[in-house]
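Examining the three-dimensional arrangement
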Amino acid sequence: MNETFVLTRIGDSVRVDIRGPRNGGATAPVTVASSDLPTFVAERELDAEGGAGPRWVWDDTTRWYPSLLESGVRVRRCLDLRLSHDILRRSPHVDPGLLVGASSAEWEAMDPVELAGPALFAWHEHDEPLDSLAEFDRQQAALAASTKRDPLGLLLAAESSGALVAAEIAHAGLPLREALHERMLTTLIGPRPLPGARPELLEQLLPVIRGALGAPDLNPDSPKSLLRALRAAGLDVTDTRAWNLRQLDHPAVGPILEYKKLLRLANANGWRWLDTWVRDGRYRPNFLPGGTVTGRWAAHGGGALSFPAQIRSSVVADDGWKFVVADVAQLEPRVLAALSTDLAMAEAASESDLYEGMVKRGAVATRKEAKLGMLGAMYGSTSGEGGRMVTRMTRLYPRAFGFVEEAARAGERAEVVETFLGRASPAPTGRWTLALGDLPADDAGRDRDRRKWGRFTRNYVVQGSGAEWTLCWIATLRNLLWQLDGAGELTDRPHLVFFLHDEVLIHTPAALAEETILAVRRAAAEATRVMFGTFPIDFPLDVAIVDSWAEGDSRAFLLDAEDEDPDLEADLASPR
DNA sequence: GATGCTAGCGCC
DNA sequence: AAAGGGCGCTAGCATC
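- For chain A, an unreviewed UniProt entry supplies the name DNA-directed DNA polymerase and the organism Amnibacterium flavum.
- What UniProt records for chain A under Catalytic activity (unreviewed entry) is the sentence "DNA(n) + a 2'-deoxyribonucleoside 5'-triphosphate = DNA(n+1) + diphosphate".

Notes on the pattern of salt bridges
- This model, assessed by the stated rule, comprises 35 salt bridges.
- A salt bridge links Arg90 to Asp86, with the nearest nitrogen and oxygen atoms 3.9 Å apart. Of the two residues, Arg90 and Asp86 both sit in helix H3 (residues 81–90), 4 residues apart, roughly one turn of that helix.
- With a shortest N-O distance of 3.5 Å, Arg361 and Glu351 are connected by a salt bridge. Of the two residues, Arg361 is situated in the loop between helix H15 (354–360) and helix H16 (367–379) and Glu351 in the loop between helix H14 (343–348) and H15; the sequence distance between them amounts to 10 residues.
- One connected set of salt bridges, linked through shared partners, spans Glu405, Arg409, Glu412, Asp447, Arg450, Arg451 and Arg458.

Observations regarding the sheet that holds strand S11 (residues 321–328)
- One open sheet accounts for 4 strands, arranged S12-S13-S11-S14; its pairing is antiparallel. Either end of the sheet is taken by a strand with one partner, and the two such strands are strand S12 (495–499) and strand S14 (541–546). Neighbour-to-neighbour, the strand axes of the sheet open up by a mean angle of 20°, direction not taken into account.
- When S11 meets S14, the two strands line up antiparallel, connected through 6 bridges. Residue pairing in the sheet places Ala326 in a bridge with Val543 of S14.

What counts, and at which threshold
Counting restarts for each chain, with residues numbered from 1 along the sequence as it is written. For this description, chains carry letters from A and ligands carry numbers from 1, given in the order in which they are written. At least 70 in pLDDT is required for a residue's local features to be given in this predicted model, at least 80 for side-chain atom pairs to be given and counted, and no such filter applies to totals for whole chains, interfaces and linings, which use all residues. As a rule here, side-chain values come from all non-hydrogen atoms in the structure, and water together with hydrogens is ignored. UniProt positions are given in the numbering used here, feature names are shortened, and annotations may be inferred rather than shown by experiment. By definition here, a salt bridge exists when the distance from a side-chain nitrogen of Lys or Arg to a carboxyl oxygen of Asp or Glu is within 4 Å. Helix and strand definitions here come from DSSP, where helices need a minimum of 4 consecutive H or I residues and strands a minimum of 2 consecutive E residues; each element is numbered from the N-terminal end. A pair of strands is labelled paired if DSSP reports no fewer than 2 bridges between them. Interaxial angles span 0 to 180 degrees and are taken between N-to-C directions of axes, which are lines fitted to C-alpha atoms, for helices over the stretch in contact.

Have a look at this one:
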């Protein structure tokens, strides 16, 4: 039976309201002691073996699933009412009145529970527990009445699966060898310093920098005093950004850049990071599904989503285990081609490298131009080579480039834009939205803000739809991984241990690594089918079986590759 | 002493 | 004249 179980916590017990697949109507609720819940859930999952499985409806995955996982219980499906409330409330295709009811304000204000890290403390539940059944019924009614019922329903399911993945990643943790990390730190910045002291190798760079600038008291940790010292030394700079310093020809530049790089490592992923976020060979950040407006995940704790390439060599699979690392090549351009049904761009995307595909078809002269043009279209470049390429490529791919252009125009009109499945952008609140169409021609500030919002909505439709594809990917993947020939609980089988926007890491027994690769590919194909149906678009994956994340890092490879410019992103990020 | 902001840099 | 999106994190610094 694929029944729906709606869980509401009441004191030390849980009220379970059961909705059958056909009757839709209420049956008498069951009351389960909280301590018996894992058994109750496990039995229902077992009963439904083979089918899609029961669906567990709860207020918030972070308040339910971690303890189930601790008890060794995995679920196949859930509906996270907190996340779905947020999506439905923002959708212009949902009647907001249907979502209003008891505790509306509490549903709006609910935050996820942080499970990892130094701030861990017990959360206080509401005195009056939120009634999940009432909220579920409201959401179902709102969904049923929506003109975008099917895509929104898919989005809610994918978002909820993402919440399950996030909890499972937190449960399993990313394998990270403290000893390796410490050795790397010691080599690069010196042994663990005393509290408050500068690491040894930074200390050694200090006199070099001070000497070269003739500033004996300079503290290069302070951008302000560094800027002062640079200008006092006769250098024409307005900030201390590494990219700008690199343009200068001065003996202080090399040591300063080296210092900044090591300081960054020490601050972001040094000894304190290790102490705080890594325990018993596992790094456990808090992933927050739906944590950003576009639907990409956010993360708290240890900078999980900016895990530097430099330290990925510390991420090593357990003995007898492997990592399967997979990332999507040019996710967002491919999503854009499908969003806009641009057949010419989709045709170029049949190549494993979309940009090369454009070059091969004579659209542009070089891979770099293709990339500049695509990124320019998705981010809103108007000047420089990016801007020029956008103009040229608009003629070649009018549907795709027109699609993002229209999203930008809509944003500038203060309209809400949507992702492919219907996640709506927030309404703008800036002053420029007032008296729209009645702007003084010389109001440069408002004009700038309006264009800035247009760049946001332009990017929103692509970034948000890309996030939806990856949600569908990992949602399918977690189920396929469970069906592999494993046994035992989650961490005894192939399981996801990291998710980075368009890249996944799976920790798998070595014997199942090849099968895991097949699962990753099948999941990608399924995500494409579910999202885009028969539209001819490919999402090729780069997949590798590795012992260390560093081996599977395409950037590490690209640094040696002749045909790729590793500084291209930096070029884009810099003025001129 | 706590809090909020900025600069700068990491990731996608 | 110049004009790219989304994030998190840290230290320094200003402020209360």
